[in-house]
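Structure assessment
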Amino acid sequence: MSIISFLIYDSRSGSTIVAALLNQFDGICVTPESAFVNRIIAYNGNLNVKDLNNFLDYLYYELRFAEFNIPKKYLAEKILESKKKISKKTIIEIILKEFFKYTQYETNHYIIKFPPGNYLGIVKDMFPNVRFLHLIRDGRAVFNSKSKTKTIRRRKPMNNNLIKAAFQWKRQFKTYPQDNTIIKVRYEDILSNPDISLRLLLDFIGISDVSSIEKVKAKEDYFNKISDRQKVLHNNVNRPIDVTKINKWKEELSEEQIYLYELLVSKQLKENGYLMIEKGKAHSYSFYVKISFQFVYYLFHYIFDKLKNIWCAIFIEKDFLDKTKSRYILFYTIMKNKITEFYE
């Protein structure tokens, strides 16, 4: 079996651009974003011939995996044809093989574009030679992007809560502690010097003779693998790299937002080489009053969102949530919309 690596990241960290750049190299194939590995690991039902259809129904509930366009019946046949015992590892390997089956390029290294999260240890046990490419982007730029990028379905910002965004960005460093299986690379460094940064990653995942490996595919090759539904979020993949956008967040975020973000995660920003630009400065009394009001506003919505998620976890069956998420009809979203309509 070919070698498997994972590209791990916080959302809006430039992972799709980096995936497209890595996918250009000979022998490298990167999957579109999907939680299929996490879902396979999380499955607690029986994995046997009798219950295979139930497992596949569960797997295809995730819309991003369904958009891999591997026919469910065909995948079932390939799993049953395998000479190996049906296992989670075997299924992951078959999915990777079948998804890239029709590529005209020889593939000997798969990169799965999705963070394994709490399943990191299980993934390491399942694939002893696995490597993780931890992509980091300045958290302030991540928040700026999340607050301005609209979701596909609701057409609302992905995350305009500064506290929630800061905690999400911070959590990745606890979830993925440094060891010999994980390499950290900054998005800004890749944009500034892509050739050196990308070849450093290729060397880490075990590509021999990195200096001579060639780019045999265009960035468009990866973009074409992304489903039409998702492409609207990644239009910049086909555009030339623009290093002037690295610090665009400095112009688009307010001084108060930058200060508050730095206050929450200054330790992690500094540890990853990002300079403070507001924290430490002398500010007026009115500035701190604004900060206080913004903090209370963000905190209230953060707590409300947490309570909402807890309520759903307690009172709504998990399988039902899986189905409704994949079909975009989450119960609490519908209720929220109805309440909004009522008051309007």
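All values reported here derive from a predicted model rather than from experimental measurement. (Residues numbered from 1 in each chain as written. Predicted model: local features only at pLDDT ≥ 70, side-chain atom pairs only at ≥ 80, totals over all residues. Heavy atoms only, no water.)

Secondary structure assignment for the chain yields 18 helices and 5 strands. Buried residues in the chain amount to 48% of all 344 residues. Intrachain contacts of the chain at a sequence separation of at least 6 include 74% that bridge at least 24 residues. (Helix = DSSP H or I, 4+ residues; strand = E, 2+ residues; numbered from the N terminus. Buried < 20%, exposed > 50% of the residue type's maximum accessible area, 1.4 Å probe, protein only. Contact = heavy atoms within 4.5 Å.)

Moving on, we get to the nonpolar core. One finds Phe6, Phe36, Phe55, Leu56, Leu59, Leu75 and Ile95 to be the most contacted residues of the largest nonpolar core, which totals 39 residues. At the level of elements, strand E1 (3-8), helix H2 (36-42), helix H3 (52-60), helix H5 (72-81), helix H6 (88-99), strand E3 (109-113) and helix H7 (120-126) are the ones that each hand at least two residues to this core. With residues up to four places along the chain from it excluded, the contact list for phenylalanine 55 reads Ile40, Tyr43, Leu47 and Ile91. Counting residues in each nonpolar core, the second largest holds 33 residues, with Ala35, Leu135, Tyr222 and Phe223 among its members. (Core = buried A, V, L, I, M, F, W, Y, C linked by side-chain atoms within 4.5 Å.)

Scanning the model with the defined rule gives 17 aromatic pairs in all. Seen in terms of ring centroids, phenylalanine 99 and phenylalanine 100 are 4.8 Å apart; in terms of plane orientation they differ by 80°. Their pairing is edge-to-face. The same class applies to phenylalanine 99 as to phenylalanine 100, namely buried. When the ring of phenylalanine 100 is compared with that of tyrosine 110, the centres are 5.6 Å apart and the planes differ by 25°; the resulting orientation is stacked. Remark: tyrosine 110 occurs in strand E3 and phenylalanine 100 occurs in the loop between H6 and E3; sequence separation between them is 10 residues. The exposure classification of phenylalanine 100 matches that of tyrosine 110, with both residues buried. Taken together through their ring pairs, the aromatic side chains of Phe36, Tyr60, Phe65, Phe68, Phe99, Phe100 and Tyr110 make up a single cluster. The cationic tip of arginine 131 hangs over the ring face of phenylalanine 204; the distance from NZ or CZ to the ring centre is 5.8 Å. When the ring centre of tyrosine 274 is taken as reference, the NZ or CZ atom of arginine 186 above it lies at 4.8 Å. (Phe/Tyr/Trp six-rings, centres within 6.5 Å; stacked < 30°, edge-to-face > 60°. Lys NZ or Arg CZ within 6 Å of the ring centre and 35° of its normal.)

Moving on: the pattern of salt bridges. Overall, the coordinates contain 21 salt bridges when judged by the stated rule. Note that aspartate 138 is salt-bridged to arginine 140, the shortest N-O span being 2.7 Å. For lysine 231, the salt bridge identified is with aspartate 228, shortest N-O distance 3.4 Å. Taken as a pair, lysine 231 and aspartate 228 lie in helix H13 (residues 228-231) at a separation of 3 residues, close to a single helical turn. A single salt-bridge network, built from bridges that share partners, covers Glu33, Glu62, Arg64 and Lys113. (Salt bridge = Lys/Arg side-chain N within 4 Å of Asp/Glu carboxyl O.)

Here the focus is the environment of isoleucine 183. Mapped onto the elements of the fold, isoleucine 183 is located in strand E5 (residues 182-186). Relative accessible area serves as the criterion here: at 13%, isoleucine 183 is assigned to the buried category. Spatially, the C-alpha atoms of isoleucine 183 and leucine 135 are 8.5 Å apart, while their sequence positions differ by 48 residues. For isoleucine 183, the contacting residues outside a window of four places in its chain are Phe132, Leu133, His134, Leu200, Leu201 and Phe204.

In this section: helix H1 (residues 15-23). The element H1 is largely enclosed, with a buried count of 9 among its 9 residues. Along H1, the residues that are buried comprise Ser15, Thr16, Ile17, Val18, Ala19, Ala20, Leu21, Leu22 and Asn23.

Glancing now at the packing of H3 against H5. Contact pair H3 / H5: the axes reach a minimum separation of 11 Å and the direction vectors enclose 130°. With respect to their mutual orientation, H3 and H5 come out oblique. Every pair of crossing elements has a handedness; the one defined by H3 and H5 is right-handed. Facing Leu52, Leu56, Asp57 and Tyr60 of H3, the residues of H5 in contact are Lys72, Leu75, Ala76, Ile79 and Leu80. Residues that form the contact of H3 with H5 fall into these classes: 7 nonpolar, no polar and 2 charged. (Axes fitted to C-alpha atoms, helices over the stretch in contact; angles between N-to-C directions. Parallel < 35°, antiparallel > 145°, perpendicular 65-115°, else oblique. Left-handed = near helix turned anticlockwise from the far one by under 90°. Nonpolar A, V, L, I, M, F, W, Y, C, P; charged D, E, K, R; others polar.)

The next point concerns the packing of helix H8 (residues 139-148) against helix H15 (residues 255-271). Here H8 crosses H15 at 135°, and the two axes come no closer than 10 Å. Comparing the axis directions of H8 and H15 gives the class oblique. Contact residues: H8 offers Gly139, Arg140 and Phe143, while H15 offers Gln257, Ile258, Tyr261, Glu262 and Leu269.

With that settled, the discussion passes to the pairing of E1. Burial within E1 is extensive, with 5 of its 6 residues counted as buried. Across 5 bridges, E1 lies against E3 in parallel orientation. When the bridges of E3 are listed, isoleucine 3 appears paired with histidine 109. (Pairing = 2+ DSSP bridges.)

Summarising the model, the chain shows a mean pLDDT of 87, and 89% of its residues fall at 70 or more. Predicted confidence in the chain is weakest over helix H18 (residues 331-343), with a mean pLDDT of 50, and strongest over strand E4 (residues 131-136), with 97. (pLDDT = per-residue confidence, 0-100.)

In this section: the sheet that holds E1. Taken together, 5 strands build an open sheet; the order of strands is E2-E3-E1-E4-E5 and the sheet is parallel. Only two strands of the sheet have a single partner each, and these edge strands are strand E2 (28-30) and E5. Direction aside, the axes of adjacent strands within the sheet are offset by 25° on average. Pairing of E1 with E4 involves 4 bridges; the strand directions are parallel. Bridge assignment links serine 5 to a residue of E4, and that residue is arginine 131. On the sheet, H1 packs against E1, E2, E3 and E4 and is oriented at approximately 155° with respect to E2.

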